[in-house]
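Report on the structure
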Amino acid sequence: MSTWGKNNPDQYLKKNWTLEEAKGKLETFCAYQERCAWEVRRKLFDKGIQGLHAENLVEEMFKDGFLNEERFARSFARGKFRLKKWGRNRITRELKLREISPGQIQEGLSEIDPDEYFDTLLTQTEKKWEKTKEKDLYKKRYLVIQYLVDKGFEQDLIQEALESIQPQ
């Protein structure tokens, strides 16, 4: 690891935002894609704005409609499921990390169609089964299950998907 940043006093430091420019920058930040309050607070902290000033800016973002936690949860769940093929458990874990309330997490998960969810799980199971080059069927099954659990799919659905592609 480089120690250049520690030993070079002439290093370019991150520019902190003033309160005036922070509002405009946050509007752009939130307009680009859905954000949650946790992400905005983190951005403000990185730019040197903390405490009451940060909370006031976050409150303004909510008031002006740039932040909406339910809208964020719905967008996040839809996107991570469709693009990254994450399961409900992984999406829930990530939303909790971003301090989204349980009710809003449920609203977000309601964006996932159950039939599409199981079809995606089947597709992921088949792909992983084909890619796994393990001779021992028990080890191969374990590796596929582990992969799908890491993706956030539920154990009972994984078992059902495995049985449908590889009857015992």
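Structure first, text after, so check above.
To keep things clear, this report deals only with the structure shown in the data block. No experiment lies behind these values; they were computed from the predicted model shown. (Residues numbered from 1 in each chain as written. Predicted model: local features only at pLDDT ≥ 70, side-chain atom pairs only at ≥ 80, totals over all residues. Heavy atoms only, no water.)

A tally of regular secondary structure across the protein chain gives 10 helices and zero strands. Going residue by residue from the N terminus, the α and β elements of the protein chain occur as α-α-α-α-α-α-α-α-α-α. Against the compact-globule benchmark of 15 Å for 168 residues, the protein chain has a radius of gyration of 22 Å, which places it well outside the compact range. Over its C-alpha atoms, taken along the principal directions, the protein chain stretches across nearly 65 × 45 × 20 Å. Sequence separation of at least 24 residues holds for 64% of the intrachain contacts in the protein chain that already meet a minimum separation of 6. Accessible surface, the protein chain: about 10,900 Å² in total, of which carbon and sulfur atoms supply 51%. Once the 32 positive and 30 negative side-chain charges of the protein chain are each reduced to a mean point, those two points are 6 Å apart. (Helix = DSSP H or I, 4+ residues; strand = E, 2+ residues; numbered from the N terminus. Rg over C-alpha atoms; globule rule 2.2 N^0.38 Å. Contact = heavy atoms within 4.5 Å. Areas by Shrake-Rupley, 256 points an atom, 1.4 Å probe, with all protein chains shown as cover. Lys, Arg positive; Asp, Glu negative; His and termini not counted. Charge placed at Lys NZ, Arg CZ, Asp CG, Glu CD.)

What follows concerns unusual backbone geometry. A positive phi angle, close to 60°, is found at K85, a residue other than glycine. Even without being glycine, E99 reaches a positive phi, approximately 60°. Inspection of the secondary structure assignment puts E99 in the loop between α6 (88-97) and α7 (102-109). Relative accessible area serves as the criterion here: at 53%, E99 is assigned to the exposed category. (Buried < 20%, exposed > 50% of the residue type's maximum accessible area, 1.4 Å probe, protein only.)

Time to look at the layout of surface pockets. Reported here for the largest pocket is a volume of approximately 190 Å³. Around the largest pocket, the lining residues are Q33, E34, R35, E39, F72, S75, F76, G79, K80, L83, K84 and R98. At seven residues, helix α5 (residues 69-84) tops the list of elements feeding residues into the lining of the largest pocket. Residue classes in the lining of the largest pocket are distributed as three nonpolar, three polar and six charged. (1 Å grid on protein atoms, 1.4 Å probe; cavity = no way out; pocket = protein on both sides within 12 Å on 5 of 7 lines; lining within 4 Å. Points joined across faces, edges and corners; volume = space filled by probe spheres on them. Nonpolar A, V, L, I, M, F, W, Y, C, P; charged D, E, K, R; others polar.)

The next thing to look at is the packing of α5 against α6. Packing of α5 against α6 leaves a shortest axis separation of 10 Å and a crossing angle of 140°. One way to sum up the angle between α5 and α6 is to call them oblique. The chirality of how α5 crosses α6 is right-handed. The segment α5 lies against α6, with F72, A73, F76, A77, K80 and F81 engaging I91, E94 and L95. Within the contact of α5 with α6, the residues separate by chemical class into seven nonpolar, no polar and two charged. (Axes fitted to C-alpha atoms, helices over the stretch in contact; angles between N-to-C directions. Parallel < 35°, antiparallel > 145°, perpendicular 65-115°, else oblique. Left-handed = near helix turned anticlockwise from the far one by under 90°.)

Everything listed here is a matter of geometry and, on its own, says nothing about what the molecule does.
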